[in-house]
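Tertiary structure, described
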Amino acid sequence: MYCPNCGAELQNGASFCTYCGTKVAESSAEKEKQSQPVWQDNAHPDSELSDKSKLAAGLLGIFLGGLGVHNFYLGYTGKAVAQLVLGICCLGTVSGIWGLIEGIMILTGSIDCDAKGKKLRE
Ligand SMILES: [Zn+2]
């Protein structure tokens, strides 16, 4: 390291310049290391694929679709609540058929992504 005032070469870790007496900023190299951004590998894990399973969503739709469970699972909360309310009001008749159709659509690939637009995994 070098003195910032007179440019004399100093011993590493010296806090004062031995030539001009200027206080040398110690551990500046240390601080530089710490301020470097830490690369985060997990920032976008598997961004292409949903963590939701197509099979699980499809089966939920077929068996519990009348209560909107498959839509809760996929994150379509608004639609899920509508199906849940409809399912309670009509004892699952209308929404049950709705859910059954959506469950089949999920399994056949007609509905192939979750509410975030990510493709469902097989
Ligand atoms: Zn100096």
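For the structure, check the block above.
Residues numbered from 1 in each chain as written. Predicted model: local features only at pLDDT ≥ 70, side-chain atom pairs only at ≥ 80, totals over all residues. Heavy atoms only, no water.

With respect to the overall build of the protein chain
In terms of helices and strands, the protein chain carries five helices and two strands. The linear arrangement of helices and strands in the protein chain, starting from the amino end, is α-β-α-α-α-α-β. Here the protein chain holds 122 residues, and 25% of them are scored as buried. Contacts in the protein chain between residues at least 24 apart in sequence constitute 38% of all its contacts with a sequence separation of at least 6. Element-wise, carbon and sulfur atoms account for 60% of the exposed surface of the protein chain, whose accessible area totals about 8400 Å². (Helix = DSSP H or I, 4+ residues; strand = E, 2+ residues; numbered from the N terminus. Buried < 20%, exposed > 50% of the residue type's maximum accessible area, 1.4 Å probe, protein only. Contact = heavy atoms within 4.5 Å. Areas by Shrake-Rupley, 256 points an atom, 1.4 Å probe, with all protein chains shown as cover.)

Things to note about the packing of aromatic side chains
In this structure the tally under the stated criterion is zero aromatic pairs. One Lys or Arg, lysine 79, reaches over the ring of tyrosine 76 and ends 5.1 Å from the middle of that ring. (Phe/Tyr/Trp six-rings, centres within 6.5 Å; stacked < 30°, edge-to-face > 60°. Lys NZ or Arg CZ within 6 Å of the ring centre and 35° of its normal.)

Comments concerning a nonpolar patch on the surface
Taken together, Leu55, Leu59, Phe63, Leu64 and Leu107 make up a surface patch of nonpolar side chains, about 470 Å² in accessible area. Here the nonpolar patch gets four residues from one element, more than from any other, and that element is helix α2 (residues 54–64). Among the structural elements, phenylalanine 63 can be located in helix α2. On the accessibility criterion, phenylalanine 63 (66% relative accessible area) is exposed. (Patch = residues over 30% accessible without salt bridge, like charges linked within 9 Å, V, L, I, M, F, W, Y side chains within 5 Å. Salt bridge = Lys/Arg side-chain N within 4 Å of Asp/Glu carboxyl O.)

As for the coordination of the zinc ion
By definition of the ideal shapes, four donors in a tetrahedron about a metal sit 109.5 degrees apart, and six donors in an octahedron sit 90 or 180 degrees apart. Of the protein atoms, only Cys3 (SG), Cys6 (SG), Cys17 (SG) and Cys20 (SG) coordinate the zinc ion, at distances of 2.2 to 2.4 Å. Of note is the zinc ion, whose four donor atoms meet at the metal with angles of 104 to 120 degrees in an arrangement that counts as tetrahedral. Site description for the zinc ion: donor spacing in sequence, C-x2-C-x10-C-x2-C. Separated by eleven residues along the polypeptide, cysteine 6 in the segment before α1 (28–35) and cysteine 17 in the segment before α1 bring together distant segments of the chain. (Donors = N, O, S within 2.8 Å, 3.2 Å for Na, K, Ca; no water. Tetrahedral: all angles 85-135°; square planar, octahedral: opposite > 155°, others 65-115°.)

What about helix α5 (residues 93–108)?
Between its first and last C-alpha, α5 extends 23 Å over 16 residues, near the 22 Å set by a 1.5 Å rise per residue. Where α5 is buried, its residues contact α2, α3 (69–74), α4 (77–89) and β2 (119–121). Note on α5: the residue one or two positions beyond its end, glycine 109, has a positive phi of about 95 degrees. (Expected span 1.5 Å × (residues − 1).)

What about the packing of α4 against α5?
For the pair α4 and α5, interaxial distance at closest approach is 7 Å and the crossing angle is 140 degrees. Here α5 runs oblique to α4, going by the angle between their axes. Within the contact between the two elements, α4 uses Lys79, Gln83, Leu86 and Gly87 and α5 uses Val94, Ser95, Trp98, Gly99 and Glu102. When its residues are assigned to classes, the contact of α4 with α5 shows three nonpolar, four polar and two charged. (Axes fitted to C-alpha atoms, helices over the stretch in contact; angles between N-to-C directions. Parallel < 35°, antiparallel > 145°, perpendicular 65-115°, else oblique. Nonpolar A, V, L, I, M, F, W, Y, C, P; charged D, E, K, R; others polar.)

Some words on the side chain of lysine 52
Relative to the helices and strands, lysine 52 resides in strand β1 (residues 49–53). You can call lysine 52 buried: its relative accessible area is 19%. Sequence-distant contacts of lysine 52, that is, excluding residues within four places in its chain, are made with Tyr73, Leu74, Asp114, Leu120 and Arg121.

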